[in-house]
Amino acid sequence: MASNKIDSSNLPRPNKPLKRNWTIGIFFAVVFLIYSAETTGFNINTVANGLPDFINLMQEMYPPRWSTFPSLIGPFVETIQIAIIGTFVGSIIAVPVSLLAANTVNKNNKLYLFSKFIMNLIRTVPRILYAAVFVAAVGIGPFPGVIALIFFSLAIVAKLTSESLEAIDTGPIKAVETTGANKLEVILYAVVPQIAPSFISYSFYVFEVNIRTSTVLGLVGAGGIGQTLMTSLNLFMYQRAATIIVATFVLVIIIDLLSTRLRERLI
């Protein structure tokens with residue numbers, strides 16, 4: 001008769017070093033969190049004490065003054081224009097950059113690494129910093145906002161497209177190369193058909209983000225509805241500011257829905 005006794009030597013044992021590493025990691029994370037809270041002055045009591053002022057501000061904003069909405073149409077249109085131009089130009093520039101930053105297309109290792117470096121360098125600078133620098137350089141208005149979004153769109157679209165390029169099927173590329181096609185013909189007939197839907201989808205996604213971003217960029221003087229919002233807050237026109245916030249929220253939702261539908265159809 002077979003024995004039903006279980007050999008405990010074959011059972012998996014807990015990994016004590018791994019558990020100890022997790023404990024140490026959590027301990028240092030908690031210590032750093034507490035230190036950061038102390039350094040930044042974060043305090044729940046301060047938040048609680050400021051709550052009545054926040055409620056008073058909300059009361060001053062309510063109800064939104066919809067009679068001011070006609071005067072906001074121009075800034076809203078400018079915000080959309082900033083996002084469209086920034087997305088379009090940035091996405092177009094991203095095409096050659098993404099081709100150079102994909103090892104399936106660019107076999108020159110030095111040029112490949114340099115393209116990756118430039119792409120990462122552009123992406124590390126925050127959009128709001130781009131806008132602030134260009135506002136200081138060319139003055140207040142929509143133009144610095146457009147330039148900031150061009151850089152942002154270039155970095156994101158190039159990053160996503162280059163990663164998609166590195167995952168494409170290389171079979172069509174080799175097939176076209178065997179016909180004696182040059183590099184441009186290989187890209188047009190073997191690479192573009194595979195990557196075009198993804199590229200357009202990425203561009204629409206960045207456009208969604210740029211609509212929200214162009215609103216924030218206006219806070220540093222880069223044009224659009226954000227600049228109008230900052231002016232309203234500085235002049236204590238809180239009901240007008242509430243109108244801008246609600247209208248911006250609705251605009252972003254509508255554009256997000258339309259853009260998402262278009263991207264789904266493309267994919």
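Trainee: Hey, could you go over helix α6 (residues 142–165) for me, with residue numbers and the actual values?
Mentor: Look at α6: 33 Å from first C-alpha to last across 24 residues, which is about the 34 Å you get at 1.5 Å a residue. Most of α6 sits out of view: 18 of its 24 residues are buried.

Trainee: Break down unusual backbone geometry for me, citing the residues and quoting the values.
Mentor: With an omega of -5 degrees, the peptide bond running from Y62 to P63 counts as cis. As for its position among the elements, P63 is in the loop between α2 (44–61) and α3 (73–100). Residues other than glycine seldom take positive phi values, yet F236 does so here, at roughly 60 degrees. For F236, the position within the fold is in the loop between α9 (225–234) and α10 (238–266).

Trainee: Which residues make up the environment of T68, and what values do they have?
Mentor: Tracing the chain through its elements places T68 in the loop between α2 and α3. Sequence-wise, T68 and Q239 are 171 residues apart; in three dimensions their C-alpha atoms are separated by 9.3 Å. Those residues in contact with T68, other than ones at most four positions away along the chain, are R240 and T243. A distance of 2.7 Å separates a polar side-chain atom of T68 from the backbone oxygen of R65.

Trainee: Talk me through the pattern of salt bridges; I want residue IDs and the actual numbers.
Mentor: All told, the structure shown has two salt bridges when counted by the stated rule. The salt bridge partner of K159 is E163, with a shortest N-O separation of 2.9 Å. With a gap of four residues between them, K159 and E163 both fall in helix α6, about one helical turn apart. The exposure class of K159 is partly exposed, given its relative accessible area of 24%.

Trainee: Give a detailed account of the packing of helix α5 (residues 127–138) against helix α8 (residues 183–217), specifying residues and quantitative values.
Mentor: Following both chains from N to C, one finds α5 and α8 inclined at 45 degrees, their axes separated by 10 Å at the closest point. Classified by the angle between their axes, α5 and α8 sit oblique to one another. The two elements α5 and α8 cross, and the hand of that crossing is right-handed. Within the contact between the two elements, α5 uses R127, I128 and A131 and α8 uses V209, T213, V216 and L217. Tallied by class, the residues present in the contact of α5 with α8 amount to five nonpolar, one polar and one charged.

Trainee: Before we move on, could you go through α8 and cite the residues and values that matter?
Mentor: In this model, α8 (35 residues) spans only 40 Å end to end at C-alpha, well below the 51 Å of a helix rising 1.5 Å per residue. Approximately 60 degrees is the largest bend angle found in α8, and it occurs at V192, with the proline P193 only one to four residues beyond.

Trainee: A description of the side chain of S232 should follow, citing residues and the corresponding values.
Mentor: Relative to the helices and strands, S232 resides in helix α9. Other than its neighbours up to four places away in sequence, S232 contacts M237, R240, A241 and I244.

Trainee: So what about the side chain of S203? Which residues, and what values?
Mentor: With respect to the helices and strands, the residue S203 is situated in helix α8. Take S203: its relative accessible area is 13%, and that puts it in the buried class. Here S91 takes part through its side chain, which lies 3.3 Å from a polar atom of the side chain of S203. S203 has contacts with T87, S91 and V157, leaving out every residue within four places of it along the chain.

Trainee: So what about the packing of aromatic side chains? Which residues, and what values?
Mentor: By the definition in use, this model includes six aromatic pairs. Consider the rings of Y130 and F151, whose centres lie 4.9 Å apart with planes at 20 degrees: the pair is stacked. Of this pair, Y130 sits in helix α5 while F151 sits in helix α6, placing them 21 residues apart in sequence. When its relative accessible area of 11% is taken as the criterion, Y130 is described as buried. In this structure F151 comes out as partly exposed when scored by relative accessible area, which is 29%. The interplanar angle of 75 degrees and the centroid separation of 6.1 Å between the aromatic rings of F236 and Y238 together place this pair among those described as edge-to-face. Classification of Y238 as buried rests on a relative accessible area of 18%. Each residue in the set Y130, F134 and F151 is aromatic and connected to the rest through ring pairs, giving one cluster.

Trainee: Explain a nonpolar patch on the surface residue by residue, including any values.
Mentor: Side chains of W66, F69, I73, V77, V246, F249, V250, I253, I254, L257 and L258 sit close together on the surface and give an oily, nonpolar patch of about 990 Å² of accessible area. Broken down by secondary-structure element, the contributors of at least two residues to the nonpolar patch are α3 and α10. Looking at the nonpolar patch, the element that brings in the most residues is α10, giving seven residues. Along the chain, W66 falls in the loop between α2 and α3. On the accessibility criterion, W66 (45% relative accessible area) is partly exposed.

Parameters and conventions
- Residues numbered from 1 in each chain as written.
- Predicted model: local features only at pLDDT ≥ 70, side-chain atom pairs only at ≥ 80, totals over all residues.
- Heavy atoms only, no water.
- Helix = DSSP H or I, 4+ residues; strand = E, 2+ residues; numbered from the N terminus.
- Expected span 1.5 Å × (residues − 1).
- Buried < 20%, exposed > 50% of the residue type's maximum accessible area, 1.4 Å probe, protein only.
- Contact = heavy atoms within 4.5 Å.
- Polar contact = N/O pair within 3.5 Å; in protein donor to acceptor, adjacent residues only side chain to side chain.
- Salt bridge = Lys/Arg side-chain N within 4 Å of Asp/Glu carboxyl O.
- Axes fitted to C-alpha atoms, helices over the stretch in contact; angles between N-to-C directions.
- Parallel < 35°, antiparallel > 145°, perpendicular 65-115°, else oblique.
- Left-handed = near helix turned anticlockwise from the far one by under 90°.
- Nonpolar A, V, L, I, M, F, W, Y, C, P; charged D, E, K, R; others polar.
- Bend = angle between axes of the 7 residues up to and from the residue.
- Phe/Tyr/Trp six-rings, centres within 6.5 Å; stacked < 30°, edge-to-face > 60°.
- Patch = residues over 30% accessible without salt bridge, like charges linked within 9 Å, V, L, I, M, F, W, Y side chains within 5 Å.
- Areas by Shrake-Rupley, 256 points an atom, 1.4 Å probe, with all protein chains shown as cover.

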